[in-house]
Amino acid sequence: SSVSADLRRLYLLGDKTLSGIERSLNGLLKTQELPWEAVDLGYDTWLREIMDAGSRVCRDAHSAMGFLLSPRILERPDGGRSDVARLLDRLAEFNPARTVLCSNVFDDPVQVQPLIQHRQLMRSAPELNERLEAFSEKNSWFHVVDHAGLVVREGLQNLTDRRIEDGVSRCIFSHPVAPASP
């Protein structure tokens, strides 16, 4: 059998670029001959696209949405709680409701950070995950996906875009650090 002409889209939205996930998913979808296409909407689109009623994701009523939030979301001033609340409130307004896949959140023990900050992130992640689970229990179209399981299955290299990461690193570390004054 071949892929139907009625191709449906799974829009990938996140606080990072998801091109690696897009490539991986599209390969799987093609292999399985499923009439779906994953589309990465780009860097930090998870709130911008969903709040704009004229955006492609909001206009495409037959699409599904996939939100993949990195551990960086926890580093926002309130641990990401207000932004996640805005997202869930907006999703609840869609009529008809769309299928939504949303990753749970975990703190990143790999990144070097002050120990006190790490403890705060460890507390924030379960709070956000409880909110996502509670929303899922009330809305049958909203599904929470295990982010850590996705990392294990796909590999971290497929969840990040090295070009973006390398570019940011070059910008941050391109200027030599001035020696300390005596």
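Residues numbered from 1 in each chain as written. Predicted model: local features only at pLDDT ≥ 70, side-chain atom pairs only at ≥ 80, totals over all residues. Heavy atoms only, no water.

This part covers helix 1 (residues 19-31). A rise of 1.5 Å per residue sets the reference length of helix 1, with its 13 residues, at 18 Å; its end C-alpha atoms lie 18 Å apart and thus fit the reference within 8%. All of the buried residues along helix 1 are Ser19, Gly20, Ile21 and Leu29. Residue Glu33 follows helix 1 closely and has a positive phi angle near 55°. (Helix = DSSP H or I, 4+ residues; strand = E, 2+ residues; numbered from the N terminus. Expected span 1.5 Å × (residues − 1). Buried < 20%, exposed > 50% of the residue type's maximum accessible area, 1.4 Å probe, protein only.)

We now examine the nonpolar core. Trp46, Met65, Phe67, Leu91 and Phe142 are the most contacted members of the largest nonpolar core, which totals 28 residues. Secondary-structure elements contributing two or more residues to this core are strand 1 (8-14), helix 3 (56-59), strand 3 (64-68), helix 4 (81-93), strand 4 (100-103) and helix 5 (115-138). Residues Leu10, Leu12, Ile21 and Ala64 belong to the second largest nonpolar core, which totals seven residues. (Core = buried A, V, L, I, M, F, W, Y, C linked by side-chain atoms within 4.5 Å.)

Once that is clear, we can look at the packing of aromatic side chains. Inspection of the entire model under this criterion finds three aromatic pairs. An angle of 85° between the planes, with centres 5.7 Å apart, marks the rings of Phe135 and Trp141 as edge-to-face. The pair Phe135 / Trp141 is uniform in exposure class, with both members buried. Between Phe135 and Phe142, the ring centres sit 4.9 Å apart and the planes meet at 90°, which makes this aromatic pair edge-to-face. The pair Phe135 / Phe142 is uniform in exposure class, with both members buried. Every member of this aromatic cluster is reached through a ring pair, and the members are Phe135, Trp141 and Phe142. (Phe/Tyr/Trp six-rings, centres within 6.5 Å; stacked < 30°, edge-to-face > 60°.)

Attention shifts here to the environment of Phe135. Along the chain, the position of Phe135 falls in helix 5. A residue is classified by how much of its surface remains accessible, and Phe135, at 13% relative accessible area, is buried. For the pair formed by Phe135 and Asp89, sequence separation is 46 residues and the distance between their alpha carbons is 9.8 Å. Once you skip the residues sitting within four places of it in the chain, Phe135 turns out to touch Leu88, Ala92, Trp141 and Phe142. (Contact = heavy atoms within 4.5 Å.)

Time to look at unusual backbone geometry. Here the residue pair Asn95 and Pro96 is connected by a cis peptide bond, since its omega of 0° sits within 30 degrees of zero. Following the sequence through the fold, Pro96 ends up in the loop between helix 4 and strand 4. In this structure, Glu33 is a non-glycine residue whose phi angle is positive, near 55°. On the secondary structure map, Glu33 appears in the loop between helix 1 and strand 2 (36-40). Among the residues examined, Glu33 registers a relative accessible area of 36% and is labelled partly exposed.

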